[in-house]
Structures are given as C-alpha cells and as structure tokens.
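What follows is the residue order along each chain.
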Amino acid sequence: MSTGRTRAVRLTRWGGPPILTEVARPTPTAEEVLVQVEAAGLCRSDLHVVDARPGDLPYRIPFTLGHEVAGRVVERGPLATGPAVGERVVVYGPWGCGRCARCAVGAENYCDRRAALDADRVGTGAGLGRDGGMADLMLVPSGRLLVPVGDLAADRAAPLSDAGLTAYHAVTTVRHAWNDDVPDACVVVLGIGGLGHLAVQILRATTTAQVLAVDVREEALVLADECGAHFGTLLRPDTAAVLRERTGGVGAVAVLDFVGSSSSLQPAVDVLRPGGELAVVGSGGGELAVRKPGVLPPGTRISLPFWGTLPELEEVVALARKGVLQVGVERFALSSMPEAMARLRTGDVRGRAVLIPD
Ligand code: FEH
Ligand code: ZN
Ligand code: ZN
C-alpha cells in the first residue's frame, strides 16, 4: 500500500453498487485515531443501506461502508486517548454526540441528540453515513470508541462489535425478567442466525435459564444445539404449544425475536408467561397489536433493543477472550466484496461474512 493512497468500499450514489476504490490515506487530527483494518464484518443492515433510495436514510454520500470492524492502531492525533499505537482493537460502531447523558455512560446507541444528528445528516456511526471499516484504513473519531482485543483473531473479533454486541444487549435488556434462583426459567430464542447463535451462547454463559431455540431450518437447530441450546424446534403453526409444553405449561420468562416478522411475533407472544419480556431485535417488519384487553399476556414488557453500549462491548470481548463466545465466520478477501454481498443477500453465508484486506 503506497503511503498516499489506500482502498475503501464506497457508496457513491443511492441505489448504486458499493465500489472498492482508491481513496486518500486518512490523517488523524485532534483526538482521532487511525486503525489499520484487519477484518470487517458484513451485516444485513449493509444491504439495507446499499438498497436505500435518496431520502431513505439520514446520511450524506459518498461514505465508506463497514460497521463491524477489528484492526490495529497505527497513528493517533495529538489529543487522542485510549489504546496506544500497536494495540489491536474492535471499533464501537454507534457514534453519538459524545456529550449527552447517554453518551457520557457509553450508551451512544441511544444518544439523546440522535434526532438532531439525523437532521444534520451526520450519520448513525461507522459505515452508516460516516466512513467505516470496509477498507485498508479507518479513521475513528475518538479513542473512547476502541476496545482492546488482545490476541483475539481479527475475523472472530470484528463480529463481536455488531452481531455479538447486539445479541448481548438484547439478553441484558430482558435479563431482569428472572433470577437464577428461579428454577427452570425458560428463554426462547427465535432465529438462530448470525445474532441468534451468539445469544444462545451468551444465555448459557451468563444465566441458568433453559434455552429453547426456534428456526425454520434444520441446520440452524443443529447450530443452536452446538451453541448449548437445551431444546430446538422448527417454526410451525403449533410451535407455541410445543414450547409451552417444554416450559411445563407456565410459558417463557422471555423471548428474544431475532426475526421480527409477524410469523415470529405471534408464537413469541403466545408462549410468554404473564409478566414476561419480549425483545424484538430483528427488523422483519412484523406487527403486534398492543391493546387492553388484547392478545398480550398481562404484565408483558416489549423492547426494541438497538445495537449495544460501550461497557457491554467490553463485556462481550471479555467473554470471547475467555473462549466462552465462539463466532461462526466465513472469510472473504476485501477484493471479493461483491461476491460476499451477493452471498449475504441470498442467505448463502454460514455464520458471519467477514472481509479481510488482501
Ligand atoms: C445499524 C443501523 C441501523 C439499523 C440497524 C443497524 C444494525 O446493524 C446495528 O447492529
Ligand atoms: Zn449491523
Ligand atoms: Zn449523545
């Protein structure tokens, strides 16, 4: 790589294909930090961005894609803090204002100024309206957004910053629905894909709940079993009854829906215990009628968790460094980005697709 030029996957027009092209090498100023990218994960949200039409998203083009990034610090601005040059890191992807009450505690995913930032079209974060890490180099606004990963392999570390963090935040969001001295508390995980398979592992690693997995594919139930699920069943018209029986008739204390479609939300509410928790993580566009009286069990709490917090990313990395979290990945060279995107679009990727600068 010449000193003055480097490569990046750029979105240059709405509805157009992402292009791997040459860009000027970024130079960090003030508190910015330059990271040499070692791995950048692909996410279905990247497809939503690529497919967006003018005005759909509060972003300005062009920008570099990639919001699930691991690499090594190679240069820091004069006011930079955090990991030193040479440290290997993952990048916390939701970039808020950095000053409000939520950002002050690392919950930039729920920045209080999000509406104002969107109105100014400054973007949601790395690779989401701001230059991300599908590139050789990535400029990060501040060292506060970097979490050291030690000797974790980059292709396993990158997915922790989005898939892993989102799954972990979803578990944390519902975690108060039971405590560990409640025997046989059951938690249902709907959708055992890039996020769901990690949620199964996180539940097994951090709680004593019985984990019940649901998916439409047999191979996903095999993966759920490998990740430690106590029970798995295919999504069918009687799935709620099958799950309820497995709970001994009392229902689930919590359901994590990583699909979020009407066909997943219905069994989700049908299997919930009174006072249970439903976290809708998947963006499947399904709808639920929230009405009293209505179909929801009394005391139901519904959340729409988004990504996760910086402290939670540190916890996810710690789990992975202990060997407790195993991320399934499929590696692609950065130059093979079009193939990786196509395979993601057709659902033909086992685990998480990760781009490696070649
Ligand atoms: C990012 C931006 C907007 C919606 C959803 C997402 C997720 O991929 C973040 O995990
Ligand atoms: Zn994502
Ligand atoms: Zn903020």
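Shown above is the structure to which this text applies.
Residues numbered from 1 in each chain as written. Chains lettered and ligands numbered in written order. Predicted model: local features only at pLDDT ≥ 70, side-chain atom pairs only at ≥ 80, totals over all residues. Heavy atoms only, no water.

**Quick word on the side chain of T166**
The test is simple: Think of it this way: any DSSP run of H or I at least four residues long counts as a helix, any run of E at least two long counts as a strand, and we number them from the N terminus. Only protein chains enter the calculation, and the probe is 1.4 Å; a residue is then buried if its accessible area is under 20% of its type maximum, exposed if over 50%, and partly exposed in between. Only heavy atoms matter for contacts: two residues are in contact if any of them lie within 4.5 Å across the pair.
Looking at where T166 falls in the secondary structure, it is placed in helix α5 (residues 163-174). Relative accessible area serves as the criterion here: at 9%, T166 is assigned to the buried category. If we skip the residues at most four places from it in the chain, T166 touches L195, V281 and W307.

**Focus on the coordination of the zinc ion (ligand 3)**
For the record, the criterion: A donor here means any N, O or S atom no more than 2.8 Å from the metal (3.2 Å for Na, K and Ca); water is not included, so a site may seem to lack partners. A four-donor site is classed as tetrahedral when every donor-metal-donor angle falls between 85 and 135 degrees; four donors are called square planar, and six octahedral, when trans pairs exceed 155 degrees and all remaining angles lie between 65 and 115, with any other arrangement labelled irregular.
Taken together, the protein ligands of the zinc ion (ligand 3) are C97 (SG), C100 (SG), C103 (SG) and C111 (SG), with distances of 2.3 to 2.4 Å. Coordination at the zinc ion (ligand 3) is tetrahedral: its four donor atoms span angles of 102 to 118° at the metal.

**Side note on the coordination of the zinc ion (ligand 2)**
Looking at the zinc ion (ligand 2), one finds its protein donor set to be C43 (SG), H67 (NE2) and D162 (OD), positioned 2.0 to 2.3 Å from the metal centre. Relative to the metal, the four donor atoms surrounding the zinc ion (ligand 2) lie at angles of 87 to 143°, and the coordination shape comes out irregular. All donors to the zinc ion (ligand 2) come from one chain, and their sequence spacing reads C-x23-H-x94-D. With C43 in the loop between β3 (33-41) and α1 (44-51) and H67 in the loop between β4 (63-64) and β5 (69-76), this residue pair connects regions lying 24 residues apart in the sequence.

**A short note on the site of ligand 1**
Heads up, the condition is: We call a residue near a molecule or strand when any one of its heavy atoms sits within 4 Å of it. The definition of a polar contact used here is a pair of N or O atoms within 3.5 Å, where within protein one atom must be able to donate a hydrogen and the other to accept one, and adjacent residues in sequence count solely through side-chain atom pairs. Here, Shrake-Rupley sampling with a 1.4 Å probe gives the accessible areas, and only protein chains in the shown set may cover a residue.
Taken together, the residues surrounding ligand 1 are C43, S45, H67, L128, D162, T166, F306 and W307. Contacts to ligand 1 include S45, whose side-chain N or O atom sits 2.6 Å from an oxygen atom. If ligand 1 stood free it would expose 290 Å²; the protein chains cover 74% of that surface.

**Thoughts on a nonpolar patch on the surface**
Note the following rule: Surface patches are defined over residues having more than 30% relative accessible area and no salt bridge, joining like charges when they lie within 9 Å and nonpolar side chains (Val, Leu, Ile, Met, Phe, Trp, Tyr) when within 5 Å. Any carboxyl oxygen of Asp or Glu that lies within 4 Å of a side-chain nitrogen of Lys or Arg is treated as forming a salt bridge with it.
Among the surface-exposed residues, V290, I302 and L304 lie close enough to one another that they form a single nonpolar patch of about 320 Å² accessible area. Relative to the assigned elements, V290 resides in the loop between β15 (272-280) and β16 (301-303). Overall, the relative accessible area of 67% leaves V290 in the exposed class.

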